[in-house]
Structures are given as C-alpha cells and as structure tokens.
Amino acid sequence: MNQKQNSNERIAVNRKAHHEYAIEERFEAGVVLLGWEVKSLRAGRVQLDQGYVLLKNNEAWLIGASITPLQTISTHVIADPQRTRKLLLHQRELSKLIGNVERKGYTLIPLSLYWKNNRVKLEIGLAKGKKLHDKRATEKDRDWQREKQRVLKNSDR
C-alpha cells in the first residue's frame, strides 16, 4: 500500500458523538494496542459509540470501545474486545483536560480512530452534553441545510 494513501485513513467514526454532545475542542492521542487489535483495526472491526475517555492518575484511558478480534488470531492469545486501552497525550494536554473535566464539568469522548504515518491515532472531543431542545435545534438546522441544497440543485437545472 502506498504511504500517501495510508497517511490519514479513517478507521472508525463515532457518529453519535455530534448528536449527543456539543464538541468544544479536539485533541489527538496515540493508542497503546496489542498485535491482534491492530490486525482487527486493519479489517475495520471497531466500534467507538459506547466508548468514553477516563482520566485517572494523570493518565488517559479509553473505556468501552470495542475491537472485535479476528477468527485468525493465534490460539495462545486471549482476546478481550472491551479491554481498557491507554491513551498517549502530552503532559500539558493532560493537565488541560484534567482541569476542564474536573472543574468545568466537561466530558471526554472518542470522535474518530484513524491511521497517521502507520500509527493509530484517536481524536478526542472535549464536550458538553446537549439537552433535548439543543438536539432538536441541531436536527432542524441540518434539515434546513439539506433542503437549501436541494432547492439550489434544482434551480440550476
């Protein structure tokens, strides 16, 4: 595979994140993975929608994300799809996140998983939960944008 083609290829996207949360800021984190997990990621067998990021002992952990093992992994490996995975962030990013989560009531959620220079990166969102009326307003906005595009498309003909 070509290096350029593999540079920022998306593995998985958390679609529920933008519906459930208002994302304030984004961070890029490395993920500590085992060999069988990397093989499963290459096959696209990952789900982020149940995952969240927990900050504990000045470290970030990805919890609840599921990486389904392939049938072909070796017999001596006991695969745990829901394993807690460590995230790699700079110390200043960690301290900023800890401050926002503990003092201001933000939540950390995984947004997307992608390849960057043959390494797996996780995009984390610093987010606040949306209320029901906010979700409705977002949906109304999205529908209006779609309708506007349809009208513009039809007027060009």
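Residues numbered from 1 in each chain as written. Predicted model: local features only at pLDDT ≥ 70, side-chain atom pairs only at ≥ 80, totals over all residues. Heavy atoms only, no water.

Trainee: In this structure, what is going on with helix H3 (residues 91-104)? I would like to understand it.
Mentor: Since the α-helix turns once every 3.6 residues, residues separated by three or four places project in the same direction. End to end, H3 covers 19 Å across 14 residues, agreeing with the expected 20 Å (1.5 Å per residue, within 8%). Regarding H3, the residues found buried are Glu-93, Leu-94, Leu-97, Ile-98, Gly-99 and Asn-100. Those residues of H3 that are buried lie in contact with strand E2 (21-31), strand E4 (52-56), strand E5 (59-63), strand E8 (107-116) and strand E9 (119-129). Looking one or two places after H3, you find Gly-105, whose phi comes out positive at around 75°. (Helix = DSSP H or I, 4+ residues; strand = E, 2+ residues; numbered from the N terminus. Expected span 1.5 Å × (residues − 1). Buried < 20%, exposed > 50% of the residue type's maximum accessible area, 1.4 Å probe, protein only. Contact = heavy atoms within 4.5 Å.)

Trainee: Would you take a moment to explain the packing of aromatic side chains for this structure?
Mentor: Here a ring pair, both rings aromatic, is described through the centre-centre distance and the interplanar angle of the planes. Here the structure, examined in full by the defined rule, presents zero aromatic pairs. Here the basic side chain of Arg-42 rests over the ring of Trp-115, its NZ or CZ set 4.4 Å away from the ring centre. (Phe/Tyr/Trp six-rings, centres within 6.5 Å; stacked < 30°, edge-to-face > 60°. Lys NZ or Arg CZ within 6 Å of the ring centre and 35° of its normal.)

Trainee: Quick question: what am I supposed to make of the pairing of E9 here?
Mentor: Strand residues, when the strand is regular, have side chains that alternate between the two faces of the sheet. Across the eleven residues that make up E9, a large majority, eight, are buried. Of the pairings in the sheet, the one linking E2 to E9 comprises nine bridges and is antiparallel in character. Counterpart to Ala-29 in the pairing with E9 is Leu-122. Sheet topology note: the E8/E9 ladder contains nine bridges and is antiparallel. The residue bridging Pro-110 from the neighbouring strand is Ile-124, located in E9. Between E8 and E9, which pair antiparallel and follow one another directly, the connecting turn spans two residues, one of which, Asn-117, has a positive phi of 50°. (Pairing = 2+ DSSP bridges.)

Trainee: Can you walk me through the environment of Leu-48 in this structure?
Mentor: The topology assignment puts Leu-48 in the loop between strand E3 (46-47) and E4. Ignoring any residue separated from it by four or fewer positions in sequence, one finds Leu-48 in contact with Ala-12, Asn-14, Ala-65, Pro-110, Leu-111, Ser-112, Leu-113 and Leu-122.

Trainee: Help me out: how do you make sense of the sheet that holds E9 in this one?
Mentor: Across a sheet, strands are paired by hydrogen bonds formed along the backbone, either parallel or antiparallel in direction. Taken in spatial order, the seven strands of this open sheet run E1-E8-E9-E2-E7-E5-E4, and their pairing is antiparallel. In this open sheet, the two edge strands, each paired with only one partner strand, are strand E1 (10-13) and E4. This sheet shows a mean twist of 40° between the axes of neighbouring strands, independent of strand direction. Sitting on the sheet, helix H2 (residues 35-42) is in contact with E1, strand E7 (85-88), E8 and E9, with an inclination near 80° to E8. Taken strand by strand, H3 contacts E2, E4, E5, E8 and E9, and its axis lies near 145° from that of E2. (Axes fitted to C-alpha atoms, helices over the stretch in contact; angles between N-to-C directions.)

Just distances and angles here, no functional claims.
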